[in-house]
Amino acid sequence: MRNDISKVKNIGISAHIDAGKTTLTERILYFTKRIHSIHEVKGKDGVGATMDFMELERERGITITSAATYCEWNNQEINIIDTPGHVDFTIEVERSLRVLDGAILVLCAVGGVQSQTITVNQQMLRYKVPYIAFINKCDRVGANPFKVIDQIKEKLGHKAVAMQIPIGIEDKLTGLVDLVSMKAIYFEGENGEQLVVEEIPKELLPEANKRREELVDIASMFSDELTEAALYGDIKENILISAIRKGTINRQMVPVFMGSAYKNKGIQVLLDAIITYLPSPDEIENQAIDLDNDNRSIILSTDTTKHLVAFAFKLEDGPYGQLTYIRVYQGSISKNDTIVNIRTGKKVKVGRVIRMHADKMEDIEAIPAGYIGALFGIDCASGDTFAAPDFNVTMTSMYVPNPVISLSITPKDNKSEINLSKALNRFTKEDPTFKAHISKETSETIISGMGELHLEVYVERMRREYKAEVITGMPQVAYKETITRKAEFNYTHKKQTGGAGQFGRVAGYIEPTEEPFIFENKVVGGSIPTQFIPSCEKGFKKCLDKGPLMEFPITGVKIVINDGQSHSVDSSDIAFQSAARGAFIEGYLNAKPIILEPIMKVVVETPNEFQGSVMGSLNQRRGMILGAQDQGYMCVIEAQVPMSEMFGYSTTLRSSTQGKAQFTMEFATYRQVPKNIEEELKETLSKKSKSK
Amino acid sequence: MSKQEIIKDSPLKYVGYIEREIFKEASFKAVLSQPGTGKTAFLVQIALYNMLNDKNVIHISLNNSVNKVALWYDEVFYNILNHAGKAKENNKIIEDILPHRLIMTFGDFHASKIKEALLNLKAQNIFFPKMILIDGVLPSSGIIQELINLKEIVSNFSIDTWISIRENGLFNKSIIEPFDCAVELNATNKDINMSILKGKEVTIPLKLELSTFILKNN
């Protein structure tokens, strides 16, 4: 590993499902000579693409886990994180973006900007990641890269500008015109390895001139030198490149490249673009929070002699123990160093330091600032910060959404039970949106996550990677309870059953709030002695786990206590906790409690001929259709549908559209359950409690 | 604050005046203007008035994406509540009236396409509109025949219709012939004036605010 961060690029590849991320990564690795043969994602040779290293990913043709890998191009190092495209695995995408300095947004030349592209774009905005776009699949029937550029402008609101124009399109795609050098580039040889540079074909010259003018127009907004050069009609290549680079790094323009990864067209030029237009780690400002200094933000420097600050963004369990993917922001991590996990405060001694290439690894001496690498045998959770001893700083945490669906799992035999706990221990550490707990009532193991597919994938991984055979229950939706109006309570808890008695009176009111829970003490004159106020709060808090209405967790309540009574002998911590519980139930039931259910934003992309049946299928599932967008041959339908109604929707959609439609789903909000559904839920609950 | 109170205390009362008094008998209506002078905002105010009256509205846009149309609703509704001094109540009310709205976008204007969409919505029991708004119709050679066809279709479905027409180079006032009534929006330095091209004259002169495109009277 060299130590010149101006020659390093940490990049990610993000896209909508099936836009061709994994194929593109595979080709990048092939052209940078990291691999010596090409395998397809759903290849017939049964080998699969290098980045899709999990057996399950290969089988489904989707990328689930981001694998970090690196390659070299033109004497520069490129660290690539391959990111999953499905919304259910969004936390993986977010983690990857957190540690990247730049990205490639891959779009399909036929599908253009799709629902997931919009989500990924928002995530890049959130983490301020500059990116270039690559319009893939220009060899496909219906490919129209310029329509896609218009969509990037309209739907994503970016100043997108073509850097190339295709020579031929669909099956006649032979090369590209580079609008910076104004040369035609052809990709010849068996796998397009030989670049042949020629003059632009005459028939393409007017189009090339027009598009170059557009490029210069936009780029000149970032360079006075270029504006001046354009006025005199003498634009030097390096001036144009530096203006485009500035616009890209400042996230004010998106240069758009094109080609076909599958047909090996445009990859080498894209690699040049990564080197030319995306920033190196020292060009990006990264911040950390100084915990010893009022949580002030400090700017990290890529100086390797400064105190270490590193971020664990991914964990994996391999045959040699836990592998922790790490990005070093400041200082460096070497073998035998002692570092501190800021979250736990524990000191850790660094063992093996490695660099990953998909599932193969290479031992290295150190990871300097700006680089991505991996450590062995470090106990931590993903999202943890590591720093030098006595340097108490943390990287800002990532946004982690709450799970919306859960599933009970029961191991089939003893061996599976042991393996299951190992699997759960690893998965919950790896993925903060995947949670597991033991139900107090049924003693079953419950796993929860962001969607049906999310949980399905983990159940499959338990089977395959840990040989843990499990029986899964019906998926359960994460319902919640809340109140809709203010109500008062005045409850006395009195118990005299021989021995020490219990006495406590708690009065006040309960009202709706936007926060999950607020407790306010307005008791004056000591009617509840100060030492029992925390007991009251504890009593109220205990009630939140299981609502009196239907035993779902409670959210959005504010409790104010303003009066009460105590007894010099019989009042105690327990007595006031019990009084608070009684008071809560009294107030809660008078505050018009309701049940809330998670609502998902569902976006279906379907050929127009199935628009009616898709809308019908969403409508049948209590969906509220928000809009239908006509996109020529295709149509995009957006709806809000209760999570509980979305089970098995992929099968329904496939059968009603001959497999031509696809959908994405993400959590949108919580909304009140309609009365009839509430009745059904109550019935199910009472049947369940009778059968106990 | 009830939905009716919002209407009463906000500029939506002028929509009530337009719908209930000026164009009481009309069901096929047009609003015309130059680009950027408030046609979409005008239609959104008509839609919000109907949605607050629990009537289902389909908003068909010919030049904007679904998200952009939805943003127009958020923006106009916020401004309206702001006028009524109730901007904080935005979220709850919009959630309440949202089921009354369906946004659709089409690449071009064809009466047959709209008929197909309406038949689909009816056949699948998805949405039964009381009103259709079609935003961004461009004058072209065959446009009058398309409008006549559409008028027949919506009349068979008993749906009130508002269409916004962009005044471009091919614009000719004969385009208003198929309509029961038509208004024109004209921008001045201060406001946007609303004038009646076809239909009953107004007793209360109406304008649109230049910055927000919200209805107001003189």
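Residues numbered from 1 in each chain as written. Chains lettered and ligands numbered in written order. Predicted model: local features only at pLDDT ≥ 70, side-chain atom pairs only at ≥ 80, totals over all residues.

Participant: Help me get a handle on the overall build of chain B, residues and values and all.
Facilitator: Broken down by element type, chain B carries 7 helices and 9 strands. In chain B, of all internal contacts separated by at least 6 residues, the share reaching a separation of at least 24 is 74%. (Helix = DSSP H or I, 4+ residues; strand = E, 2+ residues; numbered from the N terminus. Contact = placed C-beta atoms within 7 Å.)

Participant: Give me the lowdown on the overall build of chain A, citing residues and values where you can.
Facilitator: A tally of helices and strands in chain A yields 16 helices and 38 strands. Residues classed as buried in chain A amount to 49% of the 692 residues present. Put simply, of all contacts in chain A between residues at least 6 apart along the chain, 71% involve residues at least 24 apart. (Buried ≥ 20, exposed ≤ 12 C-beta atoms within 10 Å, placed from the backbone.)

Participant: Go over the sheet that holds strand β31 (residues 487-495) of chain A with me, naming the residues and quoting the values.
Facilitator: All names here are of chain A. Taken together, the 4 strands give an open sheet; going across it, the order is β31-β32-β34-β33, and neighbouring strands pair in mixed fashion. Each of the sheet's edge strands pairs with one partner strand only, and the pair in question is β31 and β33 (517-521). The sheet shows a mean angle of 25° between the axes of neighbouring strands, taken without regard to direction. Where β33 lies against strand β34 (residues 557-565), 5 bridges are found, and the strand directions are parallel. Its bridge partner lying in β34, F517 is registered against V557. In this fold helix α12 (residues 533-543) packs onto β32 (502-512), β33 and β34, with an angle of close to 155° to the strand it touches most, β33. (Pairing = 2+ DSSP bridges. Axes fitted to C-alpha atoms, helices over the stretch in contact; angles between N-to-C directions.)

Participant: Could you give an account of the interface of chain B and chain A, naming the residues involved and the relevant values?
Facilitator: Taken together, the contact between chain B and chain A spans 17 residues of the former and 16 residues of the latter. Elements supplying a minimum of two residues to the side of chain B that touches chain A: α4 (66-83), β3 (101-105) and α6 (111-123) of chain B. By residue number, the principal contributor to the side of chain B that touches chain A is β3 of chain B, which donates 4 residues. Residue classes in the side of chain B that touches chain A are distributed as 11 nonpolar, 6 polar and no charged. Direction of pairing for strand β36 (residues 624-631) of chain A relative to β3 of chain B: parallel, over a ladder of 3 bridges. Counterpart to Q629 of chain A in the pairing with β3 of chain B is T105 of chain B. (Nonpolar A, V, L, I, M, F, W, Y, C, P; charged D, E, K, R; others polar.)

Participant: Pulling in residues and values, what's your account of the environment of T482 of chain A?
Facilitator: All names here are of chain A. By the secondary structure assignment, T482 is in strand β30 (residues 480-483). Assessed through the 24 C-beta atoms surrounding it within 10 Å, T482 is described here as buried. Along the backbone, T482 and Q672 are 190 residues apart, and their C-alpha atoms lie at a distance of 9.2 Å. Sequence-distant contacts of T482, that is, excluding residues within four places in its chain, are made with P512, I554, T555, G556, V557, P593, I594 and L596.

Participant: Could you give an account of the environment of K263 of chain A, naming the residues involved and the relevant values?
Facilitator: Residue and element names in this part refer to chain A. Tracing the backbone through its elements, the reader meets K263 in the loop between β11 (254-258) and α9 (267-277). The exposure class of K263 is partly exposed, given the 19 C-beta atoms found within 10 Å. Residues K263 and C138, 125 residues apart in the sequence, show an inter-C-alpha distance of 9.3 Å. Among residues more than four places away in sequence, those in contact with K263 are D139 and L173.

Participant: Which residues make up α12 of chain A, and what values go with them?
Facilitator: All names here are of chain A. Of all the positions in α12, only S535, C536, G539, F540 and C543 are classed as buried. Along α12, the residues classed as buried sweep out an arc of 135° about the axis, all on the same side. Contacts from the buried residues of α12 go to β32, β33, β34 and α13 (573-590). (Arc of directions from axis to C-beta.)

Participant: Talk me through the sheet that holds strand β10 (residues 194-198) of chain A; I want residue IDs and the actual numbers.
Facilitator: All names here are of chain A. With antiparallel pairing, the 4 strands of this open sheet are ordered in space as β7-β8-β9-β10. Both edges of this open sheet fall to β7 (164-167) and β10, since each of them pairs with a single strand only. If you compare each strand with its neighbour and ignore which way they point, the axes differ by 30° on average. Pairing analysis gives 4 bridges linking strand β8 (residues 175-178) to strand β9 (residues 183-188), with the strands arranged antiparallel. Bridge pairing in β9 places V177 opposite A184.

Participant: Which residues make up the pairing of β30 of chain A, and what values do they have?
Facilitator: All names here are of chain A. Covered by surrounding structure in β30 are K480 and T482 together with E481 and I483, the residues of both alternating faces. When β30 meets strand β35 (residues 593-607), the two strands line up antiparallel, connected through 4 bridges. By the bridge assignment for β35, T482 is matched with I594.

Participant: Requested: an account of the confidence of the model for chain B, with residues and values cited.
Facilitator: Residue and element names in this part refer to chain B. In the predicted model, chain B carries a mean pLDDT of 88, and 97% of its residues have values of at least 70. By mean pLDDT, the top-scoring element of chain B is strand β2 (residues 57-61) (96), and the lowest-scoring one is helix α5 (residues 90-97) (76). Predicted complex metrics record ipTM = 0.83 and pTM = 0.63. (pLDDT = per-residue confidence, 0-100.)

Participant: Tell me about the confidence of the model for chain A, residues and numbers included.
Facilitator: Counting all residues, the mean pLDDT for chain A is 84, and 89% of those residues have values of 70 or more. The model gives residues 41-66 of chain A a pLDDT under 50, and that stretch makes 66 contacts with residues more than four places away or in other chains.

Participant: Residues and numbers for the packing of helix α10 (residues 414-430) of chain A against helix α11 (residues 452-466) of chain A, please.
Facilitator: Residue and element names in this part refer to chain A. Interaxial distance between α10 and α11 falls to 10 Å at its minimum, and their mutual angle equals 125°. Classified by the interaxial angle, the pair formed by α10 and α11 is oblique. The two elements α10 and α11 cross, and the hand of that crossing is right-handed. Side by side, α10 and α11 meet where N419, L420, K422, A423 and F427 of the first sit next to Y458, M462 and Y466 of the second. (Parallel < 35°, antiparallel > 145°, perpendicular 65-115°, else oblique. Left-handed = near helix turned anticlockwise from the far one by under 90°.)

Participant: Provide a residue-level description of unusual backbone geometry, including the pertinent values.
Facilitator: Residues and elements named next belong to chain A. A positive phi angle, close to 55°, is found at E170, a residue other than glycine. When you line up the elements, E170 lands in the loop between β7 and β8. With 17 C-beta atoms counted inside 10 Å, the residue E170 sits in the partly exposed group. Its identity as a non-glycine residue notwithstanding, R251 has a phi of 55°, on the positive side. Along the chain, R251 falls in the loop between α8 (237-249) and β11.

Participant: Can you break down α8 of chain A residue by residue, with the values?
Facilitator: Residue and element names in this part refer to chain A. Given a rise of 1.5 Å per residue, 13 residues ought to cover 18 Å, and the 18 Å separating the end C-alpha atoms of α8 matches this to within 8%. Taken residue by residue, α8 has I239, L240, A243, I244, R245, G247 and T248 as its buried positions. The secondary structure elements touched by the buried residues of α8 are β5 (131-136), α6 (205-219), α7 (224-231), β11 and α9. Looking one or two places after α8, you find R251, whose phi comes out positive at around 55°. (Expected span 1.5 Å × (residues − 1).)

Participant: Give a detailed account of the environment of A26 of chain B, specifying residues and quantitative values.
Facilitator: All names here are of chain B. Within the fold, A26 resides in the loop between α2 (12-22) and β1 (28-33). Judged by C-beta crowding, with 19 C-beta atoms within 10 Å, A26 ranks as partly exposed. Taking C-alpha positions, A26 is 5.4 Å from D180, a pair spaced 154 residues apart along the chain. Ignoring any residue separated from it by four or fewer positions in sequence, one finds A26 in contact with D180, C181 and G199.

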